[in-house]
Amino acid sequence: MSSESRLYTFSPETKAALRKFRLGTSRAKDPQAVIYQIDKANMEIKQAEDEVYSNMQQLSDELPDNSPRYILLSYPLTMDSGRLSVPYVMINYLPPTCSSEMRMLYAGAKELMRNQAEVNRIIEIDSAEDLEEIEEKLKGED
């Protein structure tokens, strides 16, 4: 067992929600995103709100100015070849104004969250406005 998995926890409800989100979004016609945070009191990684966002501007508005978050995103898009693709990625939102303690907290749990959410790709952003260009980031290889 890795040290990360001993330090950070996921409730059974959170694990079930992660699986349900991953499986339920693969055929979605619209973008689907959920925000996750780390509860510093008990080091539990959990969904910040029960809302699933389908609008990137609304998602951007919900991100705090000086606290990191993980965002799971399923984003249907049409590739240049005309093929439909639905990338499922984790966005690591790390604003420059957050404390070094919070940076370390989220950096330490990043790979554990990636594995638990079963995503292949992590996209790093430091500004909520970066979500407006997420489609270009998804089409490219970063």
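See the structure above.
As a starting point, this report considers the structure included with it. (Residues numbered from 1 in each chain as written. Predicted model: local features only at pLDDT ≥ 70, side-chain atom pairs only at ≥ 80, totals over all residues. Heavy atoms only, no water.)

**Some details on the nonpolar core**
Part 1 of the reasoning: Tyr8, Tyr36, Ile38, Ile45, Tyr70, Leu72 and Met113 are the most contacted members of the largest nonpolar core, which totals 22 residues.
Part 2 of the reasoning: Contributions of two or more residues to this core are made by helix H2 (12–25), strand S1 (32–39), strand S3 (69–74), strand S6 (88–93) and helix H4 (100–117).
Part 3 of the reasoning: When residues in this core are grouped by element, the largest group, seven residues, is from H4.
Part 4 of the reasoning: For Leu72, the contacting residues outside a window of four places in its chain are Leu18, Phe21, Gln32, Ala33, Val34, Tyr36, Tyr88, Val89, Met90, Met113, Ala117 and Val119.
Part 5 of the reasoning: Within the second largest apolar cluster, 20 residues are counted, among which are Tyr53, Met56, Ile91 and Leu138. (Core = buried A, V, L, I, M, F, W, Y, C linked by side-chain atoms within 4.5 Å. Buried < 20%, exposed > 50% of the residue type's maximum accessible area, 1.4 Å probe, protein only. Helix = DSSP H or I, 4+ residues; strand = E, 2+ residues; numbered from the N terminus. Contact = heavy atoms within 4.5 Å.)

**Digging into the pattern of salt bridges**
Part 1 of the reasoning: Applying the stated rule across the entire model yields six salt bridges.
Part 2 of the reasoning: Here Lys40 makes a salt bridge to Glu101, at a shortest N to O gap of 3.4 Å. Residue Lys40 is located in the loop between S1 and strand S2 (44–47), and its partner Glu101 is located in helix H4; the two are separated by 61 residues in the primary sequence.
Part 3 of the reasoning: The shortest N-O distance in the salt bridge between Lys139 and Glu135 comes to 3.7 Å. With Lys139 and Glu135 both in helix H5 (residues 134–139), this residue pair falls four residues apart, about one helical turn. (Salt bridge = Lys/Arg side-chain N within 4 Å of Asp/Glu carboxyl O.)

**A word on a negative patch on the surface**
Part 1 of the reasoning: Side chains of Glu49, Asp50, Glu51, Asp61, Glu62, Asp65, Glu129, Glu132, Glu133 and Glu136 sit close together on the surface and give a patch of like negative charge.
Part 2 of the reasoning: Here Glu132 is to be found in the loop between strand S7 (121–125) and H5. (Patch = residues over 30% accessible without salt bridge, like charges linked within 9 Å, V, L, I, M, F, W, Y side chains within 5 Å. Areas by Shrake-Rupley, 256 points an atom, 1.4 Å probe, with all protein chains shown as cover. Lys, Arg positive; Asp, Glu negative; His and termini not counted. Charge placed at Lys NZ, Arg CZ, Asp CG, Glu CD.)

**Here we look at the pairing of S2**
Part 1 of the reasoning: In terms of strand pairing, S1 meets S2 through four bridges, oriented antiparallel. Counterpart to Tyr36 in the pairing with S2 is Gln47.
Part 2 of the reasoning: The antiparallel hairpin formed by S1 and S2 contains four residues in its connecting segment, where Met43 sits at a positive phi of about 60°. (Pairing = 2+ DSSP bridges.)

**Some words on the environment of Asp30**
Part 1 of the reasoning: Checked against the element boundaries, Asp30 lands in the loop between H2 and S1.
Part 2 of the reasoning: A residue is classified by how much of its surface remains accessible, and Asp30, at 46% relative accessible area, is partly exposed.
Part 3 of the reasoning: Separated by 44 residues in sequence, Asp30 and Ser74 place their C-alpha atoms 8.4 Å apart.

**A short note on the side chain of Ser74**
Part 1 of the reasoning: Assignment of secondary structure puts Ser74 in strand S3.
Part 2 of the reasoning: Residue Ser74 is classed as buried on the basis of its relative accessible area, which comes to 1%.
Part 3 of the reasoning: Engagement of the side chain of Ser74 in a polar contact is seen with the backbone oxygen of Thr25, the distance being 3.2 Å.
Part 4 of the reasoning: If sequence neighbours within four positions are ignored, Ser74 has contacts with Thr25, Asp30, Pro31, Gln32, Val86, Pro87 and Tyr88. (Polar contact = N/O pair within 3.5 Å; in protein donor to acceptor, adjacent residues only side chain to side chain.)

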